Amino acid sequence: MKVHKAEIVISAVQPEQYPKTKLPEIALAGRSNVGKSSFINTLISRKGLARTSGKPGKTQTLNFYLIEEALHFVDVPGYGYAKVSKTERVKWGKMIETYITEREQLKAVVSLVDFRHDPSEEDVQMYNFLKYYQIPVIVVATKSDKIKRSQWNKHEAAIKRKLVFDPTDDFIIFSSETKEGKEQAWEAIESFL
């Protein structure tokens, strides 16, 4: 998809704040510093629409981005960040769970993992949670530019093993630096629209 128009429409905490449209939604989930904002910005070919931050855990709401008047990207708060109180984390967990399990417009979740490391416990939990609720998952392994190409197969195998990856899901090796995986990511997303 060539994106000419993209804007943030609302930051929501409760269902009554979600956009009142019937447009399909693609949610983006991942650890706080996995590169969700960079992923969004790369896909829409814009530098700063989704704010990248030196402070992980910055996104504390569901941020709805309207893309080409055709769909919403929904950036959910990053998980696994220590500087957030337990009560805050529980609140986020509830907010994310409500959105993912109850939102009819949600067509798939892009689950971002760091290509350099084995998935964290939270990554595994998120993947299992999505599989349990039968939400289509696109696993995107970010920061591939930090790994030698000759090591890619090894890293991919390790991630898939840890997630107990379902081969019917998409697995995309991605880099916001080199744009690796951008086309495949769009193809996977468009297949759910």
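The rules behind these values
- Residues numbered from 1 in each chain as written.
- Predicted model: local features only at pLDDT ≥ 70, side-chain atom pairs only at ≥ 80, totals over all residues.
- Heavy atoms only, no water.
- UniProt positions renumbered as here; feature names shortened; annotations may be inferred.
- Pairing = 2+ DSSP bridges.
- Helix = DSSP H or I, 4+ residues; strand = E, 2+ residues; numbered from the N terminus.
- Axes fitted to C-alpha atoms, helices over the stretch in contact; angles between N-to-C directions.
- Parallel < 35°, antiparallel > 145°, perpendicular 65-115°, else oblique.
- Left-handed = near helix turned anticlockwise from the far one by under 90°.
- Contact = heavy atoms within 4.5 Å.
- Buried < 20%, exposed > 50% of the residue type's maximum accessible area, 1.4 Å probe, protein only.
- Salt bridge = Lys/Arg side-chain N within 4 Å of Asp/Glu carboxyl O.

In the nomenclature of an unreviewed UniProt entry, the chain corresponds to Probable GTP-binding protein EngB from the organism Vagococcus fluvialis bH819. Recorded in UniProt under Cofactor (unreviewed entry), the annotation for the chain is "Mg(2+)". According to the UniProt record, the Function (unreviewed entry) comment for the chain is "Necessary for normal cell division and for the maintenance of normal septation."

K.L.:
Please explain the sheet that holds strand β4 (residues 71-75) as it appears in this structure.
P.N.:
What links the strands of a sheet is backbone hydrogen bonding, and the strands pair in either a parallel or an antiparallel sense. The 7 strands lie next to each other as β1-β3-β4-β2-β5-β6-β7, forming an open sheet whose pairing is mixed. Pairing within the sheet leaves two strands with one partner each, and these edge strands are β1 (6-12) and β7 (170-173). Between one strand axis and the next, the sheet turns through 25 degrees on average, direction left out of account. As judged from the 6 bridges shared by strand β5 (residues 106-114) and strand β6 (residues 137-142), these two strands associate in the parallel manner.

K.L.:
I'm lost on the packing of helix α2 (residues 86-102) against helix α3 (residues 121-132) in this one. Help?
P.N.:
Each pair of packed helices can be described by the angle between their axes along with the distance between the axes. Two numbers describe how α2 lies on α3: the axes approach to 11 Å, and their chain directions differ by 30 degrees. One element, α2, and the other, α3, form an angle in the roughly parallel class. In this structure, α2 crosses over α3, and the sense of that crossing is right-handed. Counting all contacts with α2, which are made through Ile96, Glu97, Ile100 and Thr101, the residues of α3 involved are Met126, Phe129 and Leu130.

K.L.:
Is there a simple way to explain helix α1 (residues 36-43) in this structure?
P.N.:
Count 3.6 residues to each turn of an α-helix, and residues three or four apart come out pointing the same way. With 7 of its 8 residues buried, α1 lies for the most part within the structure. Those residues of α1 that fall on the buried side of the exposure criterion are Lys36, Ser37, Phe39, Ile40, Asn41, Thr42 and Leu43. Considering only its buried residues, α1 is in contact with β2 (25-30), β3 (62-67), β4, β5, β6 and α5 (182-190). Directly beyond the C-terminal end of α1, a positive phi value near 55 degrees is found at Ser45.

K.L.:
I would appreciate a short explanation of unusual backbone geometry in the present structure.
P.N.:
Among all residues save glycine, negative phi is the norm, and among peptide bonds the norm is trans. One non-glycine residue with positive phi stands out, namely Glu68, at about 55 degrees. As for its position among the elements, Glu68 is in the loop between β3 and β4. The backbone of Glu69 shows a phi angle near 55 degrees, a positive value even though the residue is not glycine. Mapped onto the fold, Glu69 is located in the loop between β3 and β4.

K.L.:
Whenever I open this one, the pattern of salt bridges confuses me. Can you help?
P.N.:
Side chains carrying opposite charge are able to pair once their charged atoms draw close together. This structure, assessed with the given rule, holds 10 salt bridges. Note that Lys131 and Asp166 form a salt bridge whose closest N and O atoms lie 3.0 Å from each other. One end of the pair, Lys131, is in helix α3; the other, Asp166, is in the loop between α4 (152-163) and β7, with 35 residues separating them in the sequence. Judged by relative accessible area, which is 28%, Lys131 ranks as partly exposed. A salt bridge links Asp145 to Lys146, with the shortest nitrogen-to-oxygen separation between them at 3.3 Å. Looking at Lys146, the relative accessible area reads 51%, which means it is exposed. A cluster of three or more residues bridged by salt bridges with shared partners is formed by Lys131, Asp166 and Asp169.

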